[in-house]
Amino acid sequence: MQISPSILSADFANLEAELGRISNADWAHVDVMDAHFVPNLTLGLPVVEALLAVSPIPIDAHLMIEDPDRWAPAYAEAGCQSVTFHVEAAREPRELARTLRAAGARASMALKPGTAFAPYEDLLPDLDMVLVMTVEPGFGGQSFMADQMPKVRQVREAVRRHGGEIWIQVDGGVSADTIEQCAEAGADVFVAGSAVYGAEDAAVAVDELRALALTHRH
Ligand code: DX5
Ligand code: ZN
């Protein structure tokens, strides 16, 4: 059970200090948006490189961008320990996942709420994680979509059949109120932006979320 706080809800003028607030987390989730795949623009490779240089914990890059086949490998080469691309945007997802792994990163495929998992199940051997979005990607602070839990269960069953260690991440609206149902459905990596950075003590929020997930482990 791992917690990956999203720095999308952090103070962008003080990112080094904001990473320091979550040094007890398992990952730092960095949302890269290009204003094309999603209607929002955040940050790109130069900022991610700067974060890698100062982060006390590994970086979990979530790329909400067009043409990840072209742009994603550089995030792995820069040292991101996990790189997630959206399958809706990828031309050759299997090839891309292999390239990410060859560059030393964990390879991860994200599914928007409207995207079914079944057509992509055969990609599992080349993946280390599947991200089931629990909001429409683009913004922090949105409401959790409980209707994505059947998809989490479906991915968990497929991972069980397939064997191997493939993590299932949920991202969007994850909080103390919603993390338990995610854990019960089979998720094991939890992204939380506003629930962590909106808390008075971010590190305490991380520990509380992890404890809740552990008690509701599938
Ligand atoms: C949304 C991003 C999320 C976002 C989550 O597109 O991918 O990582 O930061 O924020 P919360 O936890 O506030 O929903
Ligand atoms: Zn994200």
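Being a predicted model, the structure only gives us computed values, none of them experimental.

Draft legend 1. Structural detail: the coordination of the zinc ion (ligand 2). Around the zinc ion (ligand 2), the protein contributes the donor atoms His 29 (NE2), Asp 31 (OD), His 62 (ND1) and Asp 171 (OD), which lie 2.1 to 2.3 Å from the metal centre. Site description for the zinc ion (ligand 2): donor spacing in sequence, H-x1-D-x30-H-x108-D. Here Asp 31 falls in the buried class, since its relative accessible area comes to 6%.

Draft legend 2. Highlighting the sheet that holds strand E7 (residues 167–171). Strands sit in the order E1-E8-E7-E6-E5-E4-E3-E2 across an open sheet of eight strands; the sheet is parallel. Either end of the sheet is taken by a strand with one partner, and the two such strands are strand E1 (2–5) and strand E2 (28–33). The sheet shows a mean angle of 25° between the axes of neighbouring strands, taken without regard to direction. Contacts from helix H5 (residues 149–162) reach strand E5 (106–111), strand E6 (129–133) and E7 within the one sheet, and its direction differs from that of E7 by about 165°. Packed onto the sheet, helix H8 (residues 202–215) meets E1 and strand E8 (189–192) and runs at close to 140° relative to E1.

Draft legend 3. Highlighting empty space enclosed by the protein. Under the defined criterion, the tally for this structure stands at one cavity of 30 Å³ or more. Taken as a whole, the largest cavity encloses approximately 200 Å³ of empty space. Elements represented by at least two residues in the lining of the largest cavity include exactly E2, strand E3 (59–64) and E8. Its residues placed into classes, the lining of the largest cavity shows ten nonpolar, eleven polar and three charged.

Draft legend 4. Fine view of the packing of helix H3 (residues 68–78) against helix H4 (residues 93–102). Across the interface, H3 lies against H4 with an axial gap of 9 Å and an inter-helix angle of 15°. When the axes of H3 and H4 are compared, the pair comes out roughly parallel. Read as a crossing pair, H3 and H4 show a hand that is right-handed. Of H4, the residues touching H3 (which contributes Pro 68, Asp 69, Ala 72, Pro 73 and Ala 76) are Leu 96, Thr 99 and Leu 100. Partitioned by chemical class, the residues of the contact of H3 with H4 number six nonpolar, one polar and one charged.

Draft legend 5. Focus on the site of ligand 1. Contacts to ligand 1 come from 20 residues, most closely from Gly 138, Asp 171, Gly 173, Gly 193 and Ser 194. The separation between an oxygen atom of ligand 1 and a polar side-chain atom of Ser 6 is 2.8 Å. His 29 places a polar side-chain atom, nitrogen or oxygen, 3.3 Å from an oxygen atom of ligand 1. When ligand 1 sits alone it has 380 Å² of accessible area, and the protein chains cover 100% of it. The pocket occupied by ligand 1, as judged from atoms lying within 2 Å of grid points, is the largest cavity. Where the shell around ligand 1 is concerned, the elements lending two or more residues are E2, E3 and E8. It is E2 that provides the largest number of residues to the shell around ligand 1, a total of three residues. Of the residues assigned to the shell around ligand 1, the class counts are eight nonpolar, ten polar and two charged.

Draft legend 6. Geometry of the environment of His 162. Relative to the assigned elements, His 162 resides in helix H5. For the pair His 162 and Asp 69, spaced 93 residues apart in sequence, the C-alpha separation works out to 25 Å. Residues in contact with His 162, not counting those within four places in the same chain, are Leu 124 and Pro 125.

Definitions and cut-offs
- Residues numbered from 1 in each chain as written.
- Chains lettered and ligands numbered in written order.
- Predicted model: local features only at pLDDT ≥ 70, side-chain atom pairs only at ≥ 80, totals over all residues.
- Heavy atoms only, no water.
- Donors = N, O, S within 2.8 Å, 3.2 Å for Na, K, Ca; no water.
- Buried < 20%, exposed > 50% of the residue type's maximum accessible area, 1.4 Å probe, protein only.
- Pairing = 2+ DSSP bridges.
- Helix = DSSP H or I, 4+ residues; strand = E, 2+ residues; numbered from the N terminus.
- Axes fitted to C-alpha atoms, helices over the stretch in contact; angles between N-to-C directions.
- Contact = heavy atoms within 4.5 Å.
- 1 Å grid on protein atoms, 1.4 Å probe; cavity = no way out; pocket = protein on both sides within 12 Å on 5 of 7 lines; lining within 4 Å.
- Points joined across faces, edges and corners; volume = space filled by probe spheres on them.
- Nonpolar A, V, L, I, M, F, W, Y, C, P; charged D, E, K, R; others polar.
- Parallel < 35°, antiparallel > 145°, perpendicular 65-115°, else oblique.
- Left-handed = near helix turned anticlockwise from the far one by under 90°.
- Near = heavy atom within 4 Å.
- Polar contact = N/O pair within 3.5 Å; in protein donor to acceptor, adjacent residues only side chain to side chain.
- Areas by Shrake-Rupley, 256 points an atom, 1.4 Å probe, with all protein chains shown as cover.
- Sits in = over half its atoms within 2 Å of the grid points.

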